[in-house]
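Results of the structural survey
Here's the letter readout for the chains.
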Amino acid sequence: MPIEQPLNSSPFEYLYLASQSPRRQELLQQLGIGFQLLPPESDEDAEALEAELPGEAAAMYVRRVCLAKAEAAARRLARAGNAAAPILVADTTVALDRAILGKPLDDDDAIAMLTRLSGRTHNVLTAVAVVPASGATDATPIASTLSVSTVRFVALTNEQIVRYVASGEPLGKAGAYGVQGRAAEFIAHIDGSYSGIMGLPLFETAALVRAAGVAF
């Protein structure tokens, strides 16, 4: 999808990453983008932000959650009084048919998700947003984009699923798997952005970050 709303062009040496995902940190490092972490505060209700609305489509859901997290991050930075710099936020979800598969609640939930994905093709959607260094206003809104990829799983045995879940890798990951980890053996075909499936589409992210004036 096209990137929305180009931002300012003032040079910044780094951005704030409003995520605790090690994978997103690794991907930013791959591009050579400097960043400082801006993780959620202990009193922020991440589960409330990620709650689905009735009948909500996956694309609308992931963009809404991403923008809500961006707005929360902007407020967090303002309270902290840290130096001004753009803020990068991303959110990823998995969609099978019309169902949204978020992060599994426990091992049983992970097993159920992987059983549903077995032998099927699903979508992985990652929304990315950048808050300008001056903060979002009507004149300078949050810039965002959406990456959509398709992934086809081979048919999995119950033993394969249980063994994978026992590794601990599915917990904390949308759809209960990580494309860059042990689940790679389950993936027969990918169409789209590999880095987007990991949680941060590099092509789209690089364009947003450059538009925000971050030098790399």
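Above this text is the structure in question.
Quick caveat: nothing in here was measured; it's all calculated off a predicted structure.

Check the secondary structure of the protein and you find 7 helices and 7 strands. In sequence order, the secondary structure elements of the protein are arranged as β-α-β-α-α-β-β-α-β-β-α-β-α-α. Radius of gyration (C-alpha) of the protein: 17 Å, near the 17 Å computed for a compact globule of 216 residues. Each principal axis of the C-alpha atoms in the protein carries an extent, and together these give about 55 × 30 × 30 Å. Per-residue burial over the protein gives 48% buried out of 216 residues. When the accessible area of the protein is evaluated, it comes to approximately 10300 Å², of which 52% is carbon and sulfur surface. Across the protein, the 17 positively charged side chains and the 24 negatively charged ones have centroids separated by 3 Å.

With respect to the helices, strands and loops of the structure, Leu-202 is situated in helix α7 (residues 202-211). Relative accessible area serves as the criterion here: at 13%, Leu-202 is assigned to the buried category. In this structure the C-alpha to C-alpha distance between Leu-202 and Ile-187, which are 15 residues apart in sequence, comes to 21 Å. Setting aside its immediate chain neighbours within four residues, Leu-202 contacts Leu-27, Gln-30, Leu-31 and Ser-195.

This part takes up the packing of aromatic side chains. Enumeration over the complete set of coordinates arrives at 4 aromatic pairs. Both rings, one in Tyr-14 and one in Tyr-16, keep their centres 5.6 Å apart while their planes meet at 90°; by these two values the pair is edge-to-face. By relative accessible area, Tyr-16 is classed as buried at 2%. Here Tyr-164 and Phe-186 contribute two aromatic rings whose centre-to-centre distance is 5.4 Å and whose plane-to-plane angle is 90°, an arrangement assigned as edge-to-face. One end of the pair, Tyr-164, is in helix α5 (residues 158-166); the other, Phe-186, is in the loop between α5 and β7 (187-191), and 22 residues separate them in sequence. A relative accessible area of 2% places Tyr-164 in the buried class.

Where helix α1 (residues 22-31) contacts α7, the axes come no closer than 11 Å and their chain directions differ by 70°. Between α1 and α7, the interaxial angle falls into the category roughly perpendicular. Handedness of the α1/α7 crossing: right-handed. Residues Leu-27, Leu-28, Gln-30 and Leu-31 of α1 pack against Leu-202, Thr-205 and Ala-206 of α7.

Buried residues of helix α4 (residues 107-117): Ala-110, Met-113, Leu-114 and Leu-117, and no others. Viewed along the axis of α4, the buried residues span an arc of 95°, placing them on a single side of the element. Those residues of α4 that are buried are in contact with β3 (87-96), β4 (99-101), β5 (121-131), β6 (143-153) and α5. Structurally, the start of α4 carries an N-cap: the backbone nitrogen of Asp-108 is 3.2 Å from a side-chain oxygen of Asp-106. Directly after α4, the chain includes Gly-119, whose backbone phi takes a positive value near 70°.

Attention shifts here to the nonpolar core. Judged by nonpolar contacts, the single largest core of 64 residues is most densely connected at Leu-15, Leu-28, Ile-87, Leu-88, Leu-114, Phe-153 and Tyr-177. With 8 residues, helix α3 (residues 58-80) is the single largest residue contributor to this core. Excluding residues that lie within four positions of it along the chain, Leu-15 makes contacts with Leu-28, Ile-33, Gly-34, Phe-35, Gln-36, Ala-85, Pro-86, Leu-88, Val-209 and Val-214.

Two side chains with opposite charge may pair up if their charged atoms get near one another. Throughout the structure, instances matching the rule amount to 5 salt bridges. Notably, a salt bridge pairs Lys-69 with Glu-50, separated by 2.9 Å at the nearest N-O pair. Here the residue Lys-69 occupies a position in helix α3, and Glu-50 occupies one in the loop between α2 (46-49) and α3, the gap between them amounting to 19 residues. Of the residues examined, Lys-69 reaches a relative accessible area of 18% and is grouped as buried. Between Lys-69 and Asp-91 there is a salt bridge, and its shortest N-O distance comes to 2.8 Å.

Before going further, it helps to examine the pairing of β5. β5 sits mainly inside the fold: 9 of its 11 residues count as buried. With 10 bridges connecting them, β5 and β6 associate as antiparallel partners. Along β6, the bridge assignment pairs Leu-125 with Val-148.

Conventions used here
- In this numbering scheme, every chain counts its residues from 1 along its sequence in written order.
- Local features in a predicted model are, by the rule used here, given only for residues with pLDDT of at least 70; side-chain atom pairs are given and counted only at 80 or more, and totals for whole chains, interfaces and linings are based on all residues.
- Processing note: side-chain calculations cover all non-hydrogen atoms of the structure and skip hydrogens and water entirely.
- Only DSSP runs of H or I reaching four residues or more are called helices, and only runs of E reaching two or more are called strands; each is numbered from the N terminus.
- We compute the radius of gyration over the C-alpha atoms and compare it with the globule rule, which gives 2.2 Å times the number of residues raised to the power 0.38.
- Burial classes follow relative accessibility: with a 1.4 Å probe on protein chains only, a residue under 20% of its type's maximum area counts as buried, one over 50% as exposed, and anything between as partly exposed.
- Note that accessible areas follow from Shrake-Rupley with a 1.4 Å probe, and for residues the cover is restricted to the protein chains shown.
- In this tally, Lys and Arg are treated as positive and Asp and Glu as negative; His is ignored, and so are the chain termini.
- Working definition for charges: the position is that of NZ of Lys, CZ of Arg, CG of Asp or CD of Glu.
- Here, residues are in contact when the closest pair of their heavy atoms is within 4.5 Å.
- Classification of ring pairs uses Phe, Tyr and Trp, with its six-membered ring standing for Trp, and accepts pairs whose centres are within 6.5 Å; under 30 degrees between planes counts as stacked, over 60 as edge-to-face, and the remaining range as tilted.
- Angles here are taken between N-to-C directions and fall from 0 to 180 degrees, while the axes themselves are lines fitted to C-alpha atoms, restricted in helices to the stretch in contact.
- For this classification, under 35 degrees means roughly parallel, over 145 means roughly antiparallel, 65 to 115 means roughly perpendicular, and everything else is oblique.
- The crossing is said to be left-handed when, going from far helix to near helix, the turn is anticlockwise and less than a right angle, and right-handed when the turn is clockwise.
- Along the arc lie the directions from the helix axis toward the C-beta atoms.
- Any pair of nitrogen or oxygen atoms within 3.5 Å is treated as a polar contact; in protein, a donor-acceptor pairing is required on top of that, and neighbouring residues in sequence qualify only through side-chain atoms on both sides.
- Residues belong to one nonpolar core when they are buried, are Ala, Val, Leu, Ile, Met, Phe, Trp, Tyr or Cys, and are joined through side-chain atoms within 4.5 Å.
- The salt bridge definition used is simple: a Lys or Arg side-chain nitrogen within 4 Å of an Asp or Glu carboxyl oxygen.
- For two strands to count as paired, DSSP must find a minimum of two bridges between them.

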